[in-house]
Amino acid sequence: DAGVIQSPRHEVTEMGQEVTLRCKPISGHNSLFWYRQTMMRGLELLIYFNNNVPIDDSGMPEDRFSAKMPNASFSTLKIQPSEPRDSAVYFCATTITGRRTEAFFGQGTRLTVV
Amino acid sequence: GQQVMQIPQYQHVQEGEDFTTYCNSSTTLSNIQWYKQRPGGHPVFLIQLVKSGEVKKQKRLTFQFGEAKKNSSLHITATQTTDVGTYFCWVGDYKLSFGAGTTVTVRA
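A. Representation of a nonpolar patch on the surface in the model. Residue and element names in this part refer to chain B. On the surface, a nonpolar cluster with roughly 290 Å² of combined accessible area is contributed by Met-5, Ile-7 and Tyr-22. Looking at the element boundaries, Tyr-22 is found in strand 3 (residues 19-25). In this structure Tyr-22 comes out as partly exposed when scored by relative accessible area, which is 39%.

Okay, structure coming up:
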């Protein structure tokens, strides 16, 4: 397996534009997490899906952020409209539901909003 | 909600020296995981601890789970430049809740 695949690796966009980040989980993993990492706030959980269903989106900062998981092999995180303060590295992580399994992270998408 | 504190937040170590980072929880944990993130990289799983008082070793890294299962430690012996990065602990069941991490720098 190629691991968790995120795209794009880097994204530079202008303020006000829509940004879509993509994640392909490891086959068979039924839990998926979106994280945002910044120097100031560290690693923040944005949303958690289990079996393609959003379970906890309390970390989503505001209505400009939305996430979907239409099937077990694909998830998106959308920001519309984007703002400079959204600049961060966004990670997708997946695991098998249960308390004793490790999480695998994608390589992340570095987003810069200018 | 579950509160996790990692100390110290930063650790600057002379190459060859030992250091320890701690992860403390406000509640009893069922298990704890440790991850390492190299600069510019992504978090990578290191180890999981499940049993009270459990100790596991990975070469120069020693991980320990407290007797009360409320805290854990990571001890690195004879620090090398390859140890540079941020070490996170994770606690939680359905939700991956990470501590703020300990960022380690090494001076040669």
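B. Quick peek at the sheet that holds strand 7 (residues 65-71) of chain A. Residues and elements named next belong to chain A. The sheet built from four strands is open, its strands ordered 1-3-8-7 with antiparallel pairing. Taken across any chain shown, the strands that pair with only one partner, and hence form the sheet edges, are strand 1 (5-7) and strand 7. Neighbour to neighbour, the strand axes of the sheet diverge by 15° on average, direction disregarded.

C. A look at the packing of aromatic side chains. A complete count under the given rule lists seven aromatic pairs over all chains for this structure. Consider the rings of Phe-91 of chain A and Phe-105 of chain A, whose centres lie 6.1 Å apart with planes at 80°: the pair is edge-to-face. One end of the pair, Phe-91 of chain A, is in strand 9 (residues 88-95); the other, Phe-105 of chain A, is in strand 10 (residues 104-105), with 14 residues separating them in the sequence. There is no split in this pair, since Phe-91 of chain A and Phe-105 of chain A are both buried. Between Trp-34 of chain B and Phe-63 of chain B, the ring centres sit 6.4 Å apart and the planes meet at 55°, which makes this aromatic pair tilted. Of this pair, Trp-34 of chain B sits in strand 4 (residues 32-37) while Phe-63 of chain B is found in strand 7 (residues 61-65), placing the two residues 29 residues apart along the sequence. Under the relative-accessibility criterion, Trp-34 of chain B is labelled buried at 0%. Residue class for Phe-63 of chain B comes out buried when judged on its relative accessible area of 0%.

Rules used throughout
Residues numbered from 1 in each chain as written. Chains lettered and ligands numbered in written order. Predicted model: local features only at pLDDT ≥ 70, side-chain atom pairs only at ≥ 80, totals over all residues. Heavy atoms only, no water. Patch = residues over 30% accessible without salt bridge, like charges linked within 9 Å, V, L, I, M, F, W, Y side chains within 5 Å. Areas by Shrake-Rupley, 256 points an atom, 1.4 Å probe, with all protein chains shown as cover. Salt bridge = Lys/Arg side-chain N within 4 Å of Asp/Glu carboxyl O. Helix = DSSP H or I, 4+ residues; strand = E, 2+ residues; numbered from the N terminus. Buried < 20%, exposed > 50% of the residue type's maximum accessible area, 1.4 Å probe, protein only. Pairing = 2+ DSSP bridges. Axes fitted to C-alpha atoms, helices over the stretch in contact; angles between N-to-C directions. Phe/Tyr/Trp six-rings, centres within 6.5 Å; stacked < 30°, edge-to-face > 60°.

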